[in-house]
Protein chains: 2
Amino acid sequence: MAYINVEEGIPGIRSLVLFRPETGKPLYDLAQVLLRGSSPLSEAERELIAAYVSHRNDCMFCMSSHAAAARCLYGEEKNLVDEVLQDMQLSNISDKMKALLNIARKVQVLGKEVTPEDIVAAKIGGADDREIHDTVLIAASFSMFNRYVDGLASFTPTDPAVYEEMGKRMVKGYTLPQQTNTVS
Amino acid sequence: MAYINVEEGIPGIRSLVLFRPETGKPLYDLAQVLLRGSSPLSEAERELIAAYVSHRNDCMFCMSSHAAAARCLYGEEKNLVDEVLQDMQLSNISDKMKALLNIARKVQVLGKEVTPEDIVAAKIGGADDREIHDTVLIAASFSMFNRYVDGLASFTPTDPAVYEEMGKRMVKGYTLPQQTNTVS
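Residues numbered from 1 in each chain as written. Chains lettered and ligands numbered in written order. Predicted model: local features only at pLDDT ≥ 70, side-chain atom pairs only at ≥ 80, totals over all residues. Heavy atoms only, no water.

**A word on the overall build of chain A**
Point 1. The helix and strand inventory of chain A stands at 9 helices and 0 strands.
Point 2. Ordering the α and β elements of chain A from the N terminus gives α-α-α-α-α-α-α-α-α.
Point 3. Taking 2.2 N^0.38 as the reference for a compact globule, 184 residues should give roughly 16 Å; the C-alpha atoms of chain A span a radius of gyration of 16 Å, in line with that estimate.
Point 4. Overall, the C-alpha framework of chain A stretches about 50 × 35 × 25 Å when taken along its three principal axes.
Point 5. When each of the 184 residues of chain A is scored for burial, the buried share is 58%.
Point 6. Taking contacts inside chain A between residues at least 6 apart in sequence as the whole, the part at least 24 apart equals 70%.
Point 7. If you sum the accessible surface of chain A, you get close to 7600 Å²; carbon and sulfur atoms cover 51% of it.
Point 8. Taking the average place of the 19 positive charges on the side chains of chain A and the average place of its 25 negative ones, the gap between the two points comes to 3 Å. (Helix = DSSP H or I, 4+ residues; strand = E, 2+ residues; numbered from the N terminus. Rg over C-alpha atoms; globule rule 2.2 N^0.38 Å. Buried < 20%, exposed > 50% of the residue type's maximum accessible area, 1.4 Å probe, protein only. Contact = heavy atoms within 4.5 Å. Areas by Shrake-Rupley, 256 points an atom, 1.4 Å probe, with all protein chains shown as cover. Lys, Arg positive; Asp, Glu negative; His and termini not counted. Charge placed at Lys NZ, Arg CZ, Asp CG, Glu CD.)

Now the structure itself:
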């Protein structure tokens, strides 16, 4: 059970933003612009960074839901998602994405862990400033979302089928849920 | 120098949101509603939580600026800010705030560090669900802001007078900066 009196049966962040929609709105706006808005990184790549950081933060809800969204978006290449979550360096993801995921991994620990050498490696791999910016902000923002969801012990479903459905909905975008009894 | 091509001389997060205003807007909206919007926690208490988490994340820019804002808001009790940053448990802050700052300290490490006992202690201290929620979200969001600011190595002024002025402006609220050459 969650640490605060949220509606039962509503999983993860949705229960928290229904408890406090005033703060929920900028949180969903951020997810929408960062993961679905214009970016040189594909939506699949951005969801993969989100899932990877959530995995490293041991946040089951965010990892499972964003990995599901990434699998939908990668389509026939969906195995890449599980390869990265298992061992990023050994995965078949591009060298550019390996360099960006390495930056995300550093940000997940702490901002100051990112070194000039990490940035140079990403640029050699072909990443531009905007891609580096978006990678850092996605990694930073999931360092927030993960802590919000787990710090209040929000409901984390365990059935993979629930996340598969969630991932399909997330692909369509992030909009603040309305007060309802529907589990989603 | 920052890792990406932001305007020189603009400190911290301001340089980053000018680089990417689309993501800057929800970030500033979040800071405004969370730190200046309606809450059972005072603005001073909320800025103190932000400064405390930033201190523990070793983010000099966020710690210095939010500590300055907290000092302005605490007024004659401004010494509390420095006492908490030096040693929270030994400070003269209220028992309720000690219990909430303890939760913030756990969230700064990772969401799952928060235990049911931490929540009970806050409730015994007089905190309600909304105060616990806001504490967790402030701690989580500064785990993001700190990583964003330091992960891109944004400009961090070292002159305390700069932060004192910044704190006074922050007390008035958080609005997305407009493209300008003014250092602020």
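Let's pick the thread back up.
**Considering the interface of chain B and chain A**
Accessible area lost when the parts come together is the quantity often used to give the size of an interface.
Point 1. In this complex, chain B contributes 46 residues to the contact, which on the side of chain A involves 46 residues.
Point 2. If you look at where chain B meets chain A, you find 4 salt bridges.
Point 3. Joining chain B to chain A, the criterion identifies 18 residue pairs in polar contact (both at pLDDT 80 or more).
Point 4. Among the secondary structure elements, those contributing two or more residues to the side of chain B that touches chain A are helix 1 (12–19), helix 2 (21–35), helix 6 (95–109), helix 7 (116–124) and helix 8 (129–151) of chain B.
Point 5. For the side of chain B that touches chain A, the element with the highest residue contribution is helix 8 of chain B, accounting for 15 residues. (Salt bridge = Lys/Arg side-chain N within 4 Å of Asp/Glu carboxyl O. Polar contact = N/O pair within 3.5 Å; in protein donor to acceptor, adjacent residues only side chain to side chain.)

**Quick look at the relation of the copies chain B and chain A**
Point 1. Taken as rigid bodies, chain B and chain A are interconverted by a rotation of 180° and an axial shift of 0.0 Å, the fit giving an RMSD of 0.0 Å. In short, the pair behaves as if placed about a two-fold rotation axis. (Least-squares fit on C-alpha atoms with pLDDT ≥ 70 in both.)

**With respect to the nonpolar core**
Most often, soluble globular proteins keep nonpolar side chains buried together rather than apart.
Point 1. Ranked by size, the top nonpolar core spans 125 residues in total, and within it Leu101, Phe145 and Tyr148 of chain A together with Leu101 and Tyr148 of chain B carry the most contacts.
Point 2. Residue contacts for Leu101 of chain B: discarding those within four places in its chain leaves Leu48, Ile49, Tyr52, Val84, Met88 and Ile93 of chain B. (Core = buried A, V, L, I, M, F, W, Y, C linked by side-chain atoms within 4.5 Å.)

**Re the pattern of salt bridges**
Point 1. Within the structure shown, the criterion is met by 24 salt bridges over all chains.
Point 2. Of the charged contacts in the structure, one is a salt bridge between Glu131 of chain B and Lys96 of chain B, with a shortest N-O distance of 2.6 Å. Pair noted here: Glu131 of chain B is in helix 8 and Lys96 of chain B is in helix 6, with a separation of 35 residues, a long-range link.
Point 3. Relative accessible area serves as the criterion here: at 4%, Glu131 of chain B is assigned to the buried category.
Point 4. Measuring nitrogen to oxygen at the nearest pair gives 3.2 Å for the salt bridge that ties Glu165 of chain B to Lys168 of chain B. Within this pair, Glu165 of chain B and its partner Lys168 of chain B are both found in helix 9 (residues 160–171), separated by 3 residues, close to a single helical turn.
Point 5. Each of Arg20 and Glu22 of chain A together with Arg130 and Asp134 of chain B takes part in one network of salt bridges that share partners.

**Overview of unusual backbone geometry**
Peptide bonds are mostly trans, and most non-glycine residues show a negative phi.
Point 1. For Ala153 of chain A, which is not glycine, the phi dihedral falls at a positive 55°.
Point 2. Its relative accessible area of 24% is what places Ala153 of chain A among the partly exposed residues.

**Some remarks on helix 4 (residues 60–74) of chain B**
All names here are of chain B.
Point 1. The end-to-end C-alpha distance of helix 4, which contains 15 residues, comes to 21 Å, matching closely the 21 Å that a straight helix rising 1.5 Å per residue would cover.
Point 2. Of all 15 residues that make up helix 4, 11 are buried, and the element is covered over most of its length.
Point 3. Looking at helix 4, one finds that the buried residues are Phe61, Cys62, Met63, Ser64, Ser65, His66, Ala67, Ala68, Ala69, Ala70 and Tyr74.
Point 4. On its buried face, helix 4 sits against helix 1, helix 2, helix 3 (43–56), helix 5 (79–87), helix 8 and helix 9.
Point 5. Within two residues after helix 4, Gly75 carries a phi angle of roughly 60°, on the positive side. (Expected span 1.5 Å × (residues − 1).)

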